[in-house]
Amino acid sequence: MTPEDFDKLQSLLATRAGYRLSRDRIHLAEHRLGPIARREGYANVEALLTNLWANPVASLAWSVIEALLNAETWFRRDRTPFRILETELLPALSKARPDGRIKIWSAGCSTGQEAWSIAMAAREIGVDVDLVATDLSQRAIEKARSGLYTGFEIQRGLTAKTMLRWFEPREDQWIVKAELADAVRFGRANLLDEPTDDARFDVIFCRNVMTDMDPSRRARLLDGLERRLVDDGCLLLGVDESLEGETVAFRAVNGRRGLYVKAPSALRRAA
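Let me begin by describing the structure that accompanies this report. Bear in mind that the values here come from a model prediction, so they are computed numbers and not experimental data.

A closer look at the overall build of the protein chain
Reasoning step 1: In terms of helices and strands, the protein chain carries 12 helices and 10 strands.
Reasoning step 2: Dimensions of the protein chain along its principal axes, counting C-alpha atoms only, are 60 × 50 × 30 Å.
Reasoning step 3: When burial is assessed residue by residue, the protein chain has 51% of its 271 residues classed as buried.
Reasoning step 4: The contacts of the protein chain with a sequence gap of at least 6 include a subset with a gap of at least 24, amounting to 70%.

A word on the sheet that holds strand β3 (residues 148–150)
Reasoning step 1: Taken in spatial order, the three strands make up an open sheet running β3-β5-β4, and their pairing is antiparallel. Of all the strands in the sheet, just β3 and β4 (167–170) have a single pairing partner and so form its edges. Across the sheet, the mean angle from the axis of one strand to that of its neighbour is 35 degrees, orientation sign disregarded.
Reasoning step 2: Bridge count between β4 and strand β5 (residues 173–176): four bridges; the pairing is antiparallel. Bridged to Arg 170 within β5 is Gln 173.

Some details on the state of the cysteines
Reasoning step 1: Counting across every chain of the model gives zero disulfides.
Reasoning step 2: Cys 206 takes part in no disulfide bond, and the closest cysteine sulfur to it belongs to Cys 109, at a distance of 11 Å.
Reasoning step 3: Its relative accessible area of 0% is what places Cys 206 among the buried residues.
Reasoning step 4: Lacking any disulfide linkage, Cys 234 is separated from the closest cysteine sulfur, that of Cys 206, by 15 Å.
Reasoning step 5: Look at Cys 234 and you get buried, because its relative accessible area is 8%.

Observations concerning the packing of aromatic side chains
Reasoning step 1: By the definition in use, this model includes six aromatic pairs.
Reasoning step 2: An angle of 80 degrees between the planes, with centres 5.6 Å apart, marks the rings of Phe 75 and Phe 167 as edge-to-face. Residue Phe 75 is found in the loop between α4 (58–68) and α5 (80–96), and its partner Phe 167 is found in strand β4; the two are separated by 92 residues along the sequence. Side by side, Phe 75 and Phe 167 carry an identical accessibility label, which is buried.

Observations regarding the side chain of Asp 5
Reasoning step 1: Its location among the elements puts Asp 5 in helix α1 (residues 3–16).
Reasoning step 2: Salt bridges are absent for the buried Asp 5, whose nearest opposite-charge side chain, Lys 8, sits at 5.3 Å.
Reasoning step 3: Look past the residues within four positions of Asp 5 in its chain and what remains in contact with it is Leu 49 and Trp 53.

Some remarks on the nonpolar core
Reasoning step 1: With 46 residues, the main nonpolar core has Met 1, Leu 33, Cys 206, Leu 221, Leu 225 and Leu 235 as its most contacted residues.
Reasoning step 2: Contributing elements (two or more residues each) for this core: α1, α2 (26–39), α3 (45–54), α4, β1 (102–107), β7 (201–205), α11 (215–228) and β8 (229–236).
Reasoning step 3: When neighbours within four sequence positions are excluded, Cys 206 is seen to be in contact with Ala 107, Leu 191, Leu 221, Leu 225, Leu 235, Leu 236, Leu 237 and Glu 241.
Reasoning step 4: Counting residues in hydrophobic clusters, the runner-up holds 41 residues, among them Phe 82, Cys 109, Ala 144 and Phe 167.

Brief notes about the packing of α1 against α3
Reasoning step 1: Running from N to C, α1 and α3 cross one another at 55 degrees; their axes reach a closest spacing of 11 Å. Considering their axes alone, α1 and α3 lie oblique with respect to each other. Taken as a pair, α1 and α3 cross one another with a handedness that is left-handed. Contact residues: α1 offers Asp 5, Lys 8, Leu 9 and Leu 12, while α3 offers Leu 49, Leu 52 and Trp 53.
Reasoning step 2: A per-class count over the contact of α1 with α3 returns five nonpolar, no polar and two charged.

Quick notes on the side chain of Thr 73
Reasoning step 1: Mapped onto the elements, Thr 73 comes out in the loop between α4 and α5.
Reasoning step 2: The exposure class assigned to Thr 73 is buried, which follows from its relative accessible area of 14%.
Reasoning step 3: Excluding residues within four positions of it along the chain, Thr 73 makes contact with Ser 110, Thr 111, Gln 113 and Arg 156.

A short note on helix α7 (residues 138–146)
Reasoning step 1: All of the buried residues in α7 are Ala 140, Ile 141 and Ala 144. Seen along its axis, α7 keeps its buried residues to an arc of 100 degrees; they face one direction.
Reasoning step 2: Looking at the buried residues of α7, the elements they touch are α6 (113–125), β2 (129–135), β3 and β6 (184–188).

Thoughts on the pairing of β8
Reasoning step 1: With respect to burial, β8 is a largely interior element, six of its eight residues being buried.
Reasoning step 2: With four bridges connecting them, β7 and β8 associate as parallel partners. Paired with Val 203 across the bridge in β8 is Cys 234.
Reasoning step 3: Each parallel crossover has a hand, and the one from β7 via α11 to β8 is right-handed.
Reasoning step 4: Pairing of β8 with strand β10 (residues 259–262), which is carried by two bridges, proceeds in the antiparallel orientation. Each bridged residue has a counterpart across the sheet, and for Leu 236 the counterpart in β10 is Leu 259.

Conventions and cut-offs
Residues numbered from 1 in each chain as written. Predicted model: local features only at pLDDT ≥ 70, side-chain atom pairs only at ≥ 80, totals over all residues. Heavy atoms only, no water. Helix = DSSP H or I, 4+ residues; strand = E, 2+ residues; numbered from the N terminus. Buried < 20%, exposed > 50% of the residue type's maximum accessible area, 1.4 Å probe, protein only. Contact = heavy atoms within 4.5 Å. Pairing = 2+ DSSP bridges. Axes fitted to C-alpha atoms, helices over the stretch in contact; angles between N-to-C directions. Disulfide = S-S within 2.5 Å. Phe/Tyr/Trp six-rings, centres within 6.5 Å; stacked < 30°, edge-to-face > 60°. Lys, Arg positive; Asp, Glu negative; His and termini not counted. Salt bridge = Lys/Arg side-chain N within 4 Å of Asp/Glu carboxyl O. Core = buried A, V, L, I, M, F, W, Y, C linked by side-chain atoms within 4.5 Å. Parallel < 35°, antiparallel > 145°, perpendicular 65-115°, else oblique. Left-handed = near helix turned anticlockwise from the far one by under 90°. Nonpolar A, V, L, I, M, F, W, Y, C, P; charged D, E, K, R; others polar. Arc of directions from axis to C-beta. Right-handed = clockwise from strand over helix to strand, strands pointing away.

Shown next, in the form of structure tokens:
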């Protein structure tokens, strides 16, 4: 891959998806695009990119973008956010809602492990949730919706007890049991797009999304999250992500890494 091709890839990801592709990932990018080139019938990655720049077909461009996104995830990733959700947020919010039902959005859900982890937590303590999970990658959403995972994926983050409670073997893989399968509504969405509805959520998980996002696009993402979060709702970011200096719309909750609520300034604007 030439430096010029990599520069164009950086621009493509930043413009279409808001993601930053650092130069130290040039070899990783070439490795990930190899299967795309073979699938599309090109001799190599260079030929694939040459055609893409000459004929910017949307479907091919999104295939390239999806291949370069960081899709790493696992069940109950970092554990602490899910413990807070299960022991503090879900019980408190269910009492505060007239019907006891909580609306949750897993934004940037990748292949679904986060969303299923949320659903399991809610079911285990008997709280009703309306759970929506979205991701930019259509292929990731298809896997998430299938609820089908390898033995390595299913054991990464889940205890044996939880695994057997919510999953059953399917040939050499594991699939979500029927009683959990309808707990999540999966769909493709770009977090930088304007909302097409007025849905608002009590809890938003947007974890480890900002880490790879282009700095110039973060404000747009955070503005969208603020508009989607109810005034007394909670935003959960990755434990290593911080909003310090990024926005005045949210404030961190002391002693709860990655947990944010709306700042007074945001509430005054909403009023």
